[in-house]
Every structure is written in C-alpha cells, then in structure tokens.
Amino acid sequence: MSDKIIFRDLQVRTVLGNDSWERKKEQPLLITAEIHTSIASAGKTDKVTESVHYGIACKRATSFAESDHKLHSLEAFAEGIAKACLGVTSRALAVHVIARKPRALLHAEYAGVEIFRTRKEALGSWGDDLVQEGDETEHEFARRKAIADDERAAAEAEAGKLAHEDRIVVKALSLSTIIGVNLWERHYKQLVHIDLVLHTDKSTGLSASASDKVPRYRNFRTVVDAVTELVEKSSYRTVEALATAIARTATKQCKVPKITVRVEKPSALVFASCSAVEITRVLGDYAAMSSAAVSVAPTPPRAASPMAAAAAAAAAAAAAASDVGDKAANLGMHSAYIALGTNLGNRLENMHQALHRLNTDLPTSYVVESSFLYQTAPMYVADQPAFLNAACLVKTALEPLALLDELKRIEAEMGRDFGMYRNGPRIMDLDILFYDEISMQTDRLTIPHALLHERRFQLGPLCDIDSDLMHHRLGKTTGALFRHLTTHSDAPDDIVRVTPLRAANALVDAGSSASESSILKALSPSSQKETVFMGILNCTPDSFSDGGDFATPDLAVEHAAVLIKSGADIIDIGGQSTRPGATQVGVDEEIRRVVPVIRRIRELGIAVPISVDTFYARVAAAALDAGADIVNDVTGGGFDPEMLPLVARRQCPYVMMHMRGDPSTMTKMNDYSDYGGDVVRGTRFELAQRVRAALDQGVPRWNIVLDPGIGFAKEGAQNFEFLRRLPELTARNIRASTKKSTSASLAAGSSEEGEEGFIDEDLATDLENYPVLVGSSRKRFIGQATGKTEAKDRVWGTAATVTAAIQGGASIVRIHDVAEMVDVARVSDHIYRKGRQA
C-alpha cells in the first residue's frame, strides 16, 4: 500500500473556460491532490527531503494554475496540476487530482474533474533508471530496486477504477420539478438535488487533456442543459423513474458513454435530510425502441450511393498507399461543416447547384445532411440584396487546405466574381465552419471560422444539423453561441427560415426577386403571418368527396381557375383516389389523368405552384416534366423505392405524409398499442423514419413538409386527438399521454392515467422546425361528429378542423372549399399566428 501526501481545497484564481454566465472571467478553483509516495525513509529520519514536500507541491500547483496557461478545459487543467505535483520530486509516484469550479454553473454547487495519473502516464517515464552505487552490494541494489518496483506497483494499484477512467462531476444541481405520488406533490414543484458523474475511458481522457478539447460527451454544460430541460418539464411519480430518465437523456441525447446519477429529494422525509436514488447506466442499457411492423419496406440508405462509395474507396486507397501505419489509420473520412450563401441571380437554384456540386464534384467527398433554408439581411455591407443561407455536413478525405481549394474552384465555376469588394454580393460563398474537432489558423484558413460567433446567418443553419458542436477557442457550443446572438444581443433578429413552394429550376423569370419571393415562404411559427392554402383538384371518378366532378381536362382546368381566384396558393392535382378501400389504378392511367391537366394549366400561363398527389415515382417525374413543382406523397416515400431518389435529383419540395399500408388496407392498421396506445407517439416515430430515409437519399431538409395523415390509418377519435395535440408532432420531445388514445377509452371519457414525464422515443431524426401540412377537409371523422353523411355537407365541420390546425401550428391546409376556408383561416391567423402578432 502506498503512502499519500495530501493538500485539500487549495484555492487559486485563474481564467479557465467560462464562468456560470458563460463569460471568460477570472474565477476561483479548488484543487485537492493526493500524491502517492513512500514516507518510510522520512518516517525513520524525520527529514522532509526524504518525502514529497507539500508546501512545494502547493506552490507548484498554484504557480501553474495562476500562470497564463490559456487552457479552456478542466481536463487539461487537471493534467497540468498532476504534472506540477509529480514534478516536485522523483519520489512522487502518482497523484489523484480533483479540480472543482464553484462558479461553473448557476444552479450547481460545482463542476469538476477527477483524474489519477502515475508518473509514467503524466511525465512519460518513472524517472531515471536506478544505478548501483559504488559502495552498494549486488544484494543491496537488488533489494533497493525491488522496493522501488513495489512502490510503483502499489501506486498504480491505488488508482482503483480511476486506473481506467476519468470523471467529470456535477455536484448538487438544484432543480424544481413535480415529483411524487401524493396528491399534494402533484400540485407543487419541489427541489431535487442531482449529482452527475460522467465516466470516460482514460485513454480518451489523456487525448482530450493533451489537446485541451472537450468532446460533446465530456461537455458538462451540454449535459446539464439537457438534464435541466428534462427535469423542469417532467412530472414523474418516483425518483427511480426520474433518475432513469436523466441517465437516458445523458447517454442517448448527449452521447455520454457511462454516467452515474444520484437524485436526492430533500422534502421527502420529515426526520431525514433526504431520500435518494443512485444508478449507473451505459448507452447499451437503453435498447433502441423497435418500430412496430406496420409500415412498408424501408428505403435503402444512401450510404451505398456512388458518391459515398467512391469517397470511401479513395480514402481506403490513400491509406493503403501510405507506408506509415499510424498515418494510414487516420486517413479515413473527416467531417466538414460547410456554410452556403448567395444573394445574386436565382438564389434557390444557386443553393441546389452548390449542394449538387458538393455531392458530385468534390473529390473523395459527399454530402451527409443539409440544414433548413434561411433568408437573411446582408451583414457588414448593407446596400445589397438579401441572402439565402444554409449549411451542410460533408464527409471528405481532403485535408483542410485542399478542401478550401476545391470550394474556391466550385465558387469560381458557379460564376463568383473574386474581384468584388469584400463582403459584397456573390453568386455563391462556401465557408468551412468546422473540420472534425481541429483548431488551426493560417493566412488562408482559420478553423473554426474566425467570424462564426457573430454570424446568425451561419450559426442558425449549423444548429439545424448539430447544435452541440464545440467551438474550442471560445469554449461554447454552436447552440450557446446562437442563443447569445438571438437572446442577449441588441442586433435585430434578421434571419428567417423559408420553405420553397416550387422547384429551384422552375422559377418564373428566375432573376426576378418578385418571382422568387412568391415561392419562398416563411412557414416557421415565429414568422408566418398567413396560412398557405392548398386547393384540392381530384381528376378521378371515385374520390370520396368530388369523384367524377372534374374528370376531363377542361373541367379540371376550369376548377383550378376557380380555386386560384378563391385564394388557393397551391393546386394539388391527383389521379388516384386515396379514400379508404380505394384500389390502385396503375401508373399509366394516373399519368393519363393528371399530366394533360398540368400541361393545360401551364399553357394558359397560370404560374401558381402545382402539387402532384401520387406515390409513384414515374407519375411524379411525368408531372414535374409537365410543369408541376411539388410532390405530395401519402406514403412518405415508403411505397415506391424510386420516389426519394427522384425527389432528391429533381430538387423539388416534397410533402411526406404518415400512412400505414395502402388505401385498401389502412383502415385496419390503426392500432398503436406498440406505442402505448398513443397515436401521436406512433406517428412521430414512423414519420421520423421516413424523414431520415429522405435525408439519407439526399433530399434537402429545406424541401420537406410533414403531413400527419389525418384519416390515414387513424380512426375517428384518433383524428380528433391528433388535431388537439398537433404541436407535439414537431416538438423536441413529448410527454406520455395521461389518457390512452384508443377509441374506446376516448369515447367513454376514461381518465385512466398513463406514464408520466417525457417518452424515450429514440426517433430516427428530430422533427423540430419542419413545416406541417394538415389535410382534414370533408373527411369521415367530421361527419361522425356532425352527423353529415354527404362529404360536401361537411364544410363548416371542416372549418373547425382548419382553425384547430392553425392553432396547432400548421403552415399549410389542404382543402376543397377554398373560398370559405380562406375567411376562416384569415381570422384564425389574426388570433393564433405569432408572426402576425410580432
């Protein structure tokens, strides 16, 4: 057993990362060090020189801590303290360091790090090899060497679990929440104290310490933010469930590999300071929720696409060609986050062309994911047109400077004038924002981007892809930087998320800002002022409401003109009935029904966006060729495996609806028992799978509109519940429903309580910020409530559902009776649209 020299809670003043207000300020740190050694000689001789002088250790630790070390992370700081302590004397064999920041978090006692380092780990060796002294016998030397080996082994053994891991600690995070089973506990929030220990592999910790970088899974601020949001919005009955939910959030959302959670409830017991639960969990403890076997076959992922395959092959070839093993091992694909900006010409076409070039013309690279699209006011030079901005994640084998050269080549080929004054108008601007987790600064390139922290137009799109990226120079995540600019800055909020309603290459008078602005719609709840109306034009003999009314092209075109005059912003043309029980008419018949109508509308010079309602890729392609702009697919790309690749290639807006089976089978597929009987939860899970498939196939995020599928694989009461809970479709996370969503329980008015708190959904992708379309017009569930058996008599019942949809945040409503619903929606807009109230 090794001996220890200890100093505890040494207070130093230093600038290390950010304080509780996320400012780079001098702040106190408390350092505790247990230096492992042998005091046997000092104990016999009573000489301090035979031990580790704790005074010198304190001075060395203080000198390092208060020096201009320019460190950001607690891990690197603790590493420096360990080296300072071990450098006092070769008698210092190992050190256990605890560094705490009492001012790190507003609602916690402290955040800290705990590490154990042997002399060999921290300094590279145990020290000089022992040498036999002149008057020392072989036996005496061997005995002295054996004692030294034993002392080193004893020091290593003292590490315990810290031999294999480092720990990030958050102590006494105090939050208010509803927690408990008693009636009074359901009415009042109470404090809980939460301790978090983030366990990370020691080899990873050594790497992080050496580079002074904090990966997201070691970022205590990111974890605390996620835990705080969870706890303060939850209402669990048991501390066990709350602790489990906290661990689940940390491991699944924040990617912490292993965490210990302790939750204390101070008000639980009258004669005890608290009751508590402590658990340790790893990511594998939370098995991914398996989807119910109710949807159609999934679309193959784009991982096997030619671009990805070629890039991976090139990277592998480069690695094989290298004669340096370590270098070859690191020649894999890198993650580069690229910002896109344009304010000249057809901006939407420029965006799509740049994205296409990044995906096909960038050597050994391919696009993994893209952001939403934003219209932003010009910055730095105000006298120029507004910009469109976006971001994308690119996997590449190119090194940073080589990637920069390729981006400049693409800009030049797209027509950028490099002679233009700085920050002036440009066809396309491609900036490298992040490249893996590296920090670099040359005369040509700075990573992370030097001005990223002040640019909402780059941070906003970047956060769509990943809001937890760590800006290592500033010690803040991209989400924190964006929040600072939007909530703590006096600058105007001049960034608006927009959604195209036409294909990029289908603009009328492409250079005209008027034509472009008419199809770039602000559909986010904070900025949308008016509901967008999609008028229904069924070119079918058997649709449930108006089958046969517009069976000829002339009648269909005439009705389209009426819809537009009444206020329709989009005309949705369908040649296949999707009413319950409808049979499929086939691709050729569907093309025969819809394509002549689309052509005739365009021949008449009608420029309103046209949507084709189909789940066949061939029909969609023919309709787009004839002049359609949008594909409205009731299967979300699940029926025809060629649909998503087509939409990606044609760069057109795409409405993805939730559905199970097909129109002939969907009415029998409304059982959501695999999701606790919760229709919203089930729809979110299954629709997220389809969105993930679309993103993987290369469909830009900005082209996707979600449709919950009212009336599709949902019976009467489920449709009403969905309209009531519509905001949950695109929420970050949702609570468990306190009432089962089966038709029987809803009809009976059951008050049976279900789960509490947030649900572990394990969505394939987040659904936040996607615009939502609701199509409830004249449907059967309205007739069930009103007693109207004829679909055409359900106009005012439809009006109620339109109002509910607008209140729930729907951006687009799909309707038959446009004139009547325009009046309903305009009043509803004045009541509910935040964009109008702003």
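Placed above this text is the structure.
Because the structure is predicted, anything quoted here is derived from the model rather than measured.

How each quantity is defined
- Residues numbered from 1 in each chain as written.
- Predicted model: local features only at pLDDT ≥ 70, side-chain atom pairs only at ≥ 80, totals over all residues.
- Heavy atoms only, no water.
- Helix = DSSP H or I, 4+ residues; strand = E, 2+ residues; numbered from the N terminus.
- Buried < 20%, exposed > 50% of the residue type's maximum accessible area, 1.4 Å probe, protein only.
- Contact = heavy atoms within 4.5 Å.
- Areas by Shrake-Rupley, 256 points an atom, 1.4 Å probe, with all protein chains shown as cover.
- Core = buried A, V, L, I, M, F, W, Y, C linked by side-chain atoms within 4.5 Å.
- Salt bridge = Lys/Arg side-chain N within 4 Å of Asp/Glu carboxyl O.
- Pairing = 2+ DSSP bridges.
- Disulfide = S-S within 2.5 Å.
- Expected span 1.5 Å × (residues − 1).

**Q** Could you give an account of the overall build of the protein chain, with specific residues and numbers?
**A** When helices and strands are counted, the protein chain shows 26 helices and 28 strands. Looking at the protein chain as a whole, 55% of its 838 residues qualify as buried. By sequence separation, contacts in the protein chain at least 24 residues apart represent 70% of the contacts at least 6 residues apart. Split by element, the accessible area of the protein chain, about 35400 Å² in all, is 52% carbon and sulfur.

**Q** Help me get a handle on the nonpolar core, residues and values and all.
**A** If you look at the biggest cluster of nonpolar residues, it comprises 89 residues, and the most contacted ones within it are Leu537, Ile573 and Ile704. Looking at which element gives the most residues to this core, the answer is helix H20 (residues 679-696), with nine residues. Excluding anything up to four places from it in sequence, isoleucine 704 contacts Tyr654, Met656, Val691, Ala694, Leu695, Val699, Tyr770 and Pro771. One finds Val88, Val97, Val223 and Val261 within the second-largest nonpolar core, a separate group that totals 67 residues.

**Q** Account for the pattern of salt bridges, with residues named and values stated.
**A** Scanning all chains against the criterion turns up 52 salt bridges. A salt bridge links aspartate 149 to lysine 145; its shortest N-O distance comes to 3.6 Å. You can see aspartate 149 and its partner lysine 145 sitting in helix H5 (residues 138-157), four residues apart, about one turn around the helix. Relative accessible area serves as the criterion here: at 39%, lysine 145 is assigned to the partly exposed category. With a shortest N-O distance of 2.6 Å, arginine 592 and glutamate 589 are connected by a salt bridge. Of this pair, arginine 592 and glutamate 589 both sit in helix H17 (residues 587-603), three residues apart, roughly one helical turn. A relative accessible area of 54% means that arginine 592 is categorised as exposed. Where salt bridges share partners, they join Arg357, Asp361, Glu406, Arg409 and Glu413 into one cluster.

**Q** With reference to specific residues and values, describe the sheet that holds strand S23 (residues 610-613).
**A** In spatial order, the strands read S26-S25-S24-S23-S22-S21-S28-S27; together these eight strands make up an open sheet with parallel pairing. A single partner strand is all that each edge strand has here, and the edge strands are strand S26 (704-707) and strand S27 (773-774). Bridge count for strand S24 (residues 630-633) against strand S25 (residues 654-657) is three bridges, and the pairing is parallel. Bridge pairing in S25 links valine 631 to tyrosine 654.

**Q** Any details on the state of the cysteines? Residues and values, ideally.
**A** Where two cysteines share a covalent bond between their sulfur atoms, that bond is called a disulfide. One pass over the full model with this rule turns up zero disulfides. Of all cysteine sulfurs, the one in cysteine 58 lies closest to cysteine 85, which takes part in no disulfide; the gap is 7.8 Å. The class for cysteine 85 is buried, based on a relative accessible area of 0%.

**Q** Outline helix H24 (residues 795-807), listing residues and values.
**A** The end-to-end C-alpha distance of H24 is 19 Å, a good match for the 18 Å that 13 residues give at a rise of 1.5 Å each. Every buried residue of H24 is listed here: Val795, Gly797, Thr798, Ala799, Thr801, Val802, Ala805 and Ile806. In the core, the buried residues of H24 are packed alongside helix H21 (716-724), S27, helix H23 (780-786), strand S28 (812-815) and helix H25 (818-832). At the C-terminal side of H24, glycine 809 shows a positive phi close to 100°.

**Q** Which residues make up unusual backbone geometry, and what values go with them?
**A** In this chain, isoleucine 447 is followed by proline 448 through a cis amide linkage whose omega measures -10°. Of note, proline 448 is situated in the loop between strand S16 (446-447) and helix H13 (456-465). For glutamine 651, which is not glycine, the phi torsion reads 55° and is therefore positive. Mapping glutamine 651 onto the fold places it in the loop between helix H19 (643-650) and S25. Its relative accessible area of 15% is what places glutamine 651 among the buried residues.

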